[in-house]
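The lines below spell out each chain.
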Amino acid sequence: QVQLVESGGGLVQPGGSLRLSCAASGIIISKYISYWYRQAPGKQREMVGSISRNGRTNYAEFVKGRFAISSDNAENTMYLQMNSLKPEDTAVYYCGAADVWGQGTPVTVSS
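A.B. asks: What is the right way to read the state of the cysteines from this model?
C.D. replies: Joining two cysteines, a disulfide is a covalent bond between their sulfur atoms. All told, the structure shown has one disulfide when counted by the stated rule. Paired through a disulfide, C22 and C95 show a sulfur-sulfur distance of 2.1 Å. In this structure, the disulfide formed by C22 and C95 twists by about 75° around the S-S bond and is classed as right-handed. You can see C22 sitting in strand β3 (residues 18-25) and its partner C95 sitting in strand β9 (residues 91-97), a full 73 residues away along the chain. Judged by relative accessible area, C22 falls into the buried class, the value being 0%.

A.B. asks: For this particular structure, what's the right way to read the environment of T105?
C.D. replies: Here T105 shows up in strand β11 (residues 105-109). A residue is classified by how much of its surface remains accessible, and T105, at 7% relative accessible area, is buried. As a C-alpha pair, T105 and S21 span 84 residues in sequence and 9.3 Å in three-dimensional space. If we skip the residues at most four places from it in the chain, T105 touches E6, S7, G8, G9, L20, A91, V92 and Y93. Polar side-chain contacts of T105 include one of 3.1 Å to the backbone nitrogen of G9.

A.B. asks: Quick question: what am I supposed to make of the sheet that holds β3 here?
C.D. replies: The strands making up a sheet associate through backbone hydrogen bonding, with each pair oriented either parallel or antiparallel. What the four strands build is an open sheet, ordered β1-β3-β8-β7; its pairing is antiparallel. Looking at the sheet topology across the chains shown, the edges are occupied by β1 (3-7) and β7 (67-72). Across this sheet, the average inter-strand angle for adjacent strands is 15°, counted without regard to direction.

A.B. asks: For this particular structure, what's the right way to read the pattern of salt bridges?
C.D. replies: Opposite charge on two side chains makes pairing possible when the charged atoms of those side chains draw close. Applying the stated criterion across every chain, the model contains four salt bridges. Of the charged contacts in the structure, one is a salt bridge between R38 and E46, with a shortest N-O distance of 2.8 Å. Under the relative-accessibility criterion, E46 is labelled partly exposed at 31%. Note that D89 is salt-bridged to R38, the shortest N-O span being 2.9 Å. Here R38 lies in strand β4 (residues 34-39) and D89 lies in the loop between β8 (77-82) and β9, a separation of 51 residues in the sequence. Judged by relative accessible area, which is 6%, R38 ranks as buried.

A.B. asks: Help me out: how do you make sense of the side chain of T77 in this one?
C.D. replies: For T77, the position within the fold is in strand β8. Side-chain polar atoms of T77 contact the backbone oxygen of E75, separated by 2.9 Å. If we ignore the near neighbours within four places in the chain, the residues touching T77 are S21, C22, A23, I29, S70, S71 and D72.

A.B. asks: Is there a simple way to think about the packing of aromatic side chains in this case?
C.D. replies: Given two aromatic rings, one states the distance between the centres and the angle between the planes to describe the pair. With the rule as written, the count across this model stands at two aromatic pairs. Taking 5.2 Å as the distance between ring centres and 90° as the angle between the ring planes, the aromatic pair formed by Y37 and W101 counts as edge-to-face. Of this pair, Y37 sits in strand β4 while W101 sits in strand β10 (residues 100-101), and the two are 64 residues apart along the sequence. Residue class for W101 comes out partly exposed when judged on its relative accessible area of 38%. Following the ring pairs from residue to residue traces out a cluster consisting of Y35, Y37 and W101. Across from the ring centre of Y94, 3.9 Å away, lies the NZ or CZ of R45, which sits over that ring.

Cut-offs used in this document
Residues numbered from 1 in each chain as written. Predicted model: local features only at pLDDT ≥ 70, side-chain atom pairs only at ≥ 80, totals over all residues. Heavy atoms only, no water. Disulfide = S-S within 2.5 Å. Helix = DSSP H or I, 4+ residues; strand = E, 2+ residues; numbered from the N terminus. Buried < 20%, exposed > 50% of the residue type's maximum accessible area, 1.4 Å probe, protein only. Contact = heavy atoms within 4.5 Å. Polar contact = N/O pair within 3.5 Å; in protein donor to acceptor, adjacent residues only side chain to side chain. Pairing = 2+ DSSP bridges. Axes fitted to C-alpha atoms, helices over the stretch in contact; angles between N-to-C directions. Salt bridge = Lys/Arg side-chain N within 4 Å of Asp/Glu carboxyl O. Phe/Tyr/Trp six-rings, centres within 6.5 Å; stacked < 30°, edge-to-face > 60°. Lys NZ or Arg CZ within 6 Å of the ring centre and 35° of its normal.

Taken by themselves, the reported measurements are silent on function.
Pasting the structure below:
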């Protein structure tokens, strides 16, 4: 059974950092283009960024310079390092690969 499980979300103050994890089972995540998306309350889901099979990353303009995607092949896990967080980054964050999506992990940026 293919499964992606996100973790690492929570409450953080503006300017703070969080690292989200996306643990894969049933697939080798590094063999796929993998994505981070987010959905804020009342808004459509939007792409945050992606990482290709050769490790190349792409980011939405609104997170460039603040967020970084990486992967650990040994752990079969993808990460989203989020720095300089803003209140508008508040959303549920989802990872996806091979047409499979996780259940999401909520991130709240608030003082």
